[in-house]
Amino acid sequence: MHTLALIVAGLALLAVFWFIAHSKGHAFGPWLNRFLATWFTCSAINMAIGMISAGYSFMEELPYFLIVSGVPGFVAWVMTRSGA
């Protein structure tokens, strides 16, 4: 459930970045790197919290990190390719 909540949060952040880009009259393409860097950092912080407070190892957290950071990142990439 936590993983799903983080994916939804990533998609919500993507919507915010998309809205900002379009409200300034820009395409989303130039904003892709900003979103990816921001979401990657948020996902890495979540992974670090899981390792520190919950006691999970790096290898236990890695698949969830890849899913949590990858799904919104992939959606953002598809949006850029489709010209959204």
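For the structure, see preceding data.
These lines cover the structure that appears in this document, whether it is placed above or below.

Criteria and cut-off values
Residues numbered from 1 in each chain as written. Predicted model: local features only at pLDDT ≥ 70, side-chain atom pairs only at ≥ 80, totals over all residues. Heavy atoms only, no water. Axes fitted to C-alpha atoms, helices over the stretch in contact; angles between N-to-C directions. Helix = DSSP H or I, 4+ residues; strand = E, 2+ residues; numbered from the N terminus. Parallel < 35°, antiparallel > 145°, perpendicular 65-115°, else oblique. Left-handed = near helix turned anticlockwise from the far one by under 90°. Contact = heavy atoms within 4.5 Å. Nonpolar A, V, L, I, M, F, W, Y, C, P; charged D, E, K, R; others polar. Expected span 1.5 Å × (residues − 1). Bend = angle between axes of the 7 residues up to and from the residue. Buried < 20%, exposed > 50% of the residue type's maximum accessible area, 1.4 Å probe, protein only. Core = buried A, V, L, I, M, F, W, Y, C linked by side-chain atoms within 4.5 Å.

## Some points on the packing of helix H1 (residues 2–23) against helix H3 (residues 58–82)
At step 1: Remark: H1 packs on H3, axes separated minimally by 9 Å, with the N-to-C direction vectors making an angle of 30°. Regarding the angle of H1 to H3, the classification is roughly parallel. Here H1 and H3 pass one another in a crossing that is right-handed. The residues of H3 that touch H1, namely those facing Thr3, Leu6, Ile7, Gly10, Leu11, Leu14 and Trp18, are Tyr64, Ile67, Val68, Val71, Pro72, Val75, Ala76 and Met79.

## Let's talk about the packing of helix H2 (residues 32–52) against H3
At step 1: The geometry of H2 relative to H3 is characterised by a closest axis approach of 10 Å and an angle of 165° between their N-to-C directions. Relative to H3, the element H2 lies roughly antiparallel. Our pair here, H2 against H3, has a crossing hand that is right-handed. Two secondary-structure elements touch here, H2 through Leu32, Phe35, Leu36, Trp39, Phe40, Ser43, Ala44, Met47, Gly50 and Met51 and H3 through Phe58, Glu61, Leu62, Phe65, Val68, Ser69, Pro72, Gly73, Ala76, Trp77 and Thr80.
At step 2: Looking at the contact of H2 with H3 residue by residue, the classes come out as 15 nonpolar, five polar and one charged.

## Remarks on H3
At step 1: Compared with the 36 Å implied by 1.5 Å per residue over 25 residues, the 35 Å span of H3 between its first and last C-alpha is a close match.
At step 2: Approximately 30° is the largest bend angle found in H3, and it occurs at Gly70, with the proline Pro72 only one to four residues beyond.
At step 3: Those residues of H3 that fall on the buried side of the exposure criterion are Glu61, Phe65, Val68, Ser69, Pro72, Gly73, Ala76 and Met79.
At step 4: Check the buried side of H3 and you find it contacts H1 and H2.

## Focus on the environment of Met79
At step 1: Tracing the sequence through the fold places Met79 in helix H3.
At step 2: Remark: the alpha-carbon pair of Met79 and Leu32, spanning 47 residues in sequence, is separated by 9.3 Å.

## Quick notes on the nonpolar core
The nonpolar side chains of a soluble globular protein tend to be buried with one another.
At step 1: One finds Leu6, Leu14, Phe17, Ala21, Phe28, Trp31, Leu32, Phe35, Trp39, Val68, Ala76 and Met79 forming the largest nonpolar core, which totals twelve residues.
At step 2: With four residues, H1 is the largest single contributor of residues to this core.
At step 3: Residues within four places of Leu14 in sequence aside, it is in contact with Phe28, Phe35, Pro72, Val75, Ala76 and Met79.

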